[in-house]
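Structure assessment
Listed here are the chains, written in short residue letters.
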Amino acid sequence: MALALELARRGVRGANPLVGAVLLDPSGRILSTGYHRGAGTPHAEADALAAAAASGTDVTGATMVVTLEPCNHTGRTGPCSQAIRKAGISRVVYAAADPTAEAAGGAEVLAAAGVDTEAGLMAAESAELNHRWTRAMQEHRPFVTVKIAQSLDGRTAAKDGTSQWITGSAARTDGHRIRSRADAVVIGTGTVLADDPQLTARDERGAPAQRQPLRVAVGHRTVPAEAAIRGTDGRFLQLKEHEPAAVCRELYGRGARHLMVEGGATVASAFLRAGLADELVTYVAPLLLGAGTSAVTAVGVHTLTDASRWRWDETGGGAVSAVGPDLLLRLEPQPL
């Protein structure tokens, strides 16, 4: 199970939890491993089964060790409970129960089919790994990634308002990868009017990514008919709303399970202040501006003891990494 948790940490945060799986033969020898790489990709159990099949390994009678109860629903992929049963797995050991009503019940289905099931092994570690995703699902809202691109001194624009580009092309490409995984991307109408962004997901060559998020502008100011964010694909929405919780409710109702907040500072700060930021991704450019627009504004902190506490997130490639000339910092809120 420790290995399965280590594998889970290789995945990326978003619409789905981080999950790892290990297949063992009756003597305890590892047959194959797998982990979930993000929404739309095979779940960890299916990934481990596919790896075994690719190597010609017979898994009949094997044990599946997995960090989360196998799902029992069809979403972007099929139910893992059925895949496990059809593969001839005789025993499943999982850490934590699936907390969502739509996916739970896999263990019961497997047990009814004669598969020996055991729950609770390293359950606390599994729950801690996905504590923010679980909270988002229990609150019936999307998992929220807040993305910021800033200078060393925490500025997103210079004193004269110029902001393109603070970070380099590699950092922008990395941000587009997150966009392509998200179901929706949010900015404020102020940013729409100031920068006229497309807000589409694009690859390193600038070509549109295969998967595009819903482009959302929040605020009461009118988005011009010619604004780039509107596009021509019908994937644009304006919400005349400033309250992050209301934005989350509306987008969850529209099927969004991963929301990326790109700003500007007012919108990003509102989500941080509301405690609705589940992941903070910050690109820091090696330059100083001295004055200009701050990356965040009021977040409800009046004294040091009230500070919003975060921790480095080592999943998905590490908490700190170089992206071209810039630094990528990835953090998540401290568990309560």
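Report follows, based on the coordinates. Keep in mind that this is a model prediction, so the values were computed, not measured. (Residues numbered from 1 in each chain as written. Predicted model: local features only at pLDDT ≥ 70, side-chain atom pairs only at ≥ 80, totals over all residues. Heavy atoms only, no water.)

Side note on the overall build of the protein
Secondary structure summary: the protein contains ten helices and 16 strands in total. For 336 residues, the compact-globule estimate of 2.2 N^0.38 gives 20 Å, and the protein sits close to it at 21 Å. A principal-axis box enclosing the C-alpha atoms of the protein has dimensions of 70 × 40 × 40 Å. The burial tally for the protein puts 50% of its 336 residues in the buried class. When contacts within the protein are restricted to residue pairs at least 6 apart in sequence, those whose partners lie at least 24 apart make up 70%. By element, 52% of the accessible surface of the protein is carried by carbon and sulfur atoms, the whole surface being about 15300 Å². Of the side chains in the protein, 34 bear a positive and 35 a negative charge, and the two mean positions are spaced by 4 Å. (Helix = DSSP H or I, 4+ residues; strand = E, 2+ residues; numbered from the N terminus. Rg over C-alpha atoms; globule rule 2.2 N^0.38 Å. Buried < 20%, exposed > 50% of the residue type's maximum accessible area, 1.4 Å probe, protein only. Contact = heavy atoms within 4.5 Å. Areas by Shrake-Rupley, 256 points an atom, 1.4 Å probe, with all protein chains shown as cover. Lys, Arg positive; Asp, Glu negative; His and termini not counted. Charge placed at Lys NZ, Arg CZ, Asp CG, Glu CD.)

Quick word on the pattern of salt bridges
Applying the stated criterion across every chain, the model contains 22 salt bridges. Residue Arg135 pairs with Glu139 through a salt bridge whose shortest N-O separation is 2.9 Å. Residue class for Glu139 comes out partly exposed when judged on its relative accessible area of 38%. One salt bridge in this structure joins Asp233 and Arg215, with 2.7 Å as the shortest N-O distance. One end of the pair, Asp233, is in the loop between strand 9 (214–218) and strand 10 (236–239); the other, Arg215, is in strand 9, and 18 residues separate them in sequence. Connected via shared salt-bridge partners are Arg13, Glu128, Glu279, Arg311, Asp313, Arg330 and Glu332. (Salt bridge = Lys/Arg side-chain N within 4 Å of Asp/Glu carboxyl O.)

What to know about unusual backbone geometry
The omega torsion of the bond from Gln164 to Trp165 falls at 0°, within 30 degrees of zero and hence cis. Take Trp165: it is sitting in the loop between strand 7 (155–157) and helix 7 (169–181). The backbone of His140 shows a phi angle near 55°, a positive value even though the residue is not glycine. With respect to the secondary-structure elements, His140 resides in the loop between helix 6 (131–138) and strand 6 (143–150). On the accessibility criterion, His140 (51% relative accessible area) is exposed. Of note in the backbone geometry, Leu199 takes a positive phi value of approximately 65° without being a glycine. Looking at the element boundaries, Leu199 is found in the loop between helix 8 (189–195) and strand 9.

Remarks on the environment of Met1
Along the chain, Met1 turns up in the segment before helix 1 (2–8). Distance from Met1 to Ala123, taken between C-alpha atoms, is 9.7 Å for residues 122 residues apart in sequence. Residues within four places of Met1 in sequence aside, it is in contact with Val65, Val66, Thr67, Val93, Tyr94, Ala95, Leu121 and Met122.

A closer look at the side chain of Thr145
Here Thr145 lies in strand 6. Under the relative-accessibility criterion, Thr145 is labelled buried at 0%. A polar contact of 2.6 Å, which involves the side chain of Thr145, links it to the side chain of Glu279. Thr145 has contacts with Ile178, His258, Leu259, Met260, Val261, Glu279 and Val281, leaving out every residue within four places of it along the chain. (Polar contact = N/O pair within 3.5 Å; in protein donor to acceptor, adjacent residues only side chain to side chain.)

Considering the packing of aromatic side chains
Under the counting rule described, the total for this entry stands at zero aromatic pairs. Sitting over the ring of Tyr35, Arg37 keeps its end group 4.0 Å from the ring centre. (Phe/Tyr/Trp six-rings, centres within 6.5 Å; stacked < 30°, edge-to-face > 60°. Lys NZ or Arg CZ within 6 Å of the ring centre and 35° of its normal.)

Examining the sheet that holds strand 5 (residues 116–119)
Strand order across the open sheet formed by five strands is 2-1-3-4-5, with mixed pairing between neighbours. With partners counted over all chains shown, the strands left at the sheet margins are strand 2 (30–35) and strand 5, one partner each. Strand-to-strand twist across the sheet, computed as the mean angle between neighbouring axes with direction ignored, equals 15°. Of the strand pairs in this sheet, strand 4 (residues 91–96) and strand 5 are connected by four bridges, and their pairing is parallel. Considered in strand 5, the bridge of Val93 is made with Glu118. Against the sheet, helix 2 (residues 44–54) makes contact with strand 1 (20–24), strand 2 and strand 3 (63–68), and its axis sits at roughly 135° relative to strand 2, the strand it touches most. (Pairing = 2+ DSSP bridges. Axes fitted to C-alpha atoms, helices over the stretch in contact; angles between N-to-C directions.)

Here we look at the pairing of strand 1
Of all the five residues making up strand 1, five are buried; the element is thus mostly covered by neighbouring parts of the structure. Going residue by residue along strand 1, you find Gly20, Val22 and Leu24 tucked away on one face and Ala21 and Leu23 tucked away on the opposite face as well. Strand direction decides the pairing type here: strand 1 and strand 2, joined by five bridges, are antiparallel. Bridged to Leu24 within strand 2 is Ile30. The turn joining strand 1 and strand 2, which pair antiparallel and follow one another in sequence, is formed by five residues; a positive phi near 95° is taken by Gly28. One ladder, built from four bridges, connects strand 1 with strand 3; its direction is antiparallel. Within the sheet, the bridge partner assigned to Leu23 lies in strand 3 and is Met64.

Some words on helix 9 (residues 244–253)
All of the buried residues along helix 9 are Pro244, Ala246, Val247, Cys248, Leu251 and Tyr252. With its phi angle positive at about 95°, Gly255 sits one or two positions after the end of helix 9.

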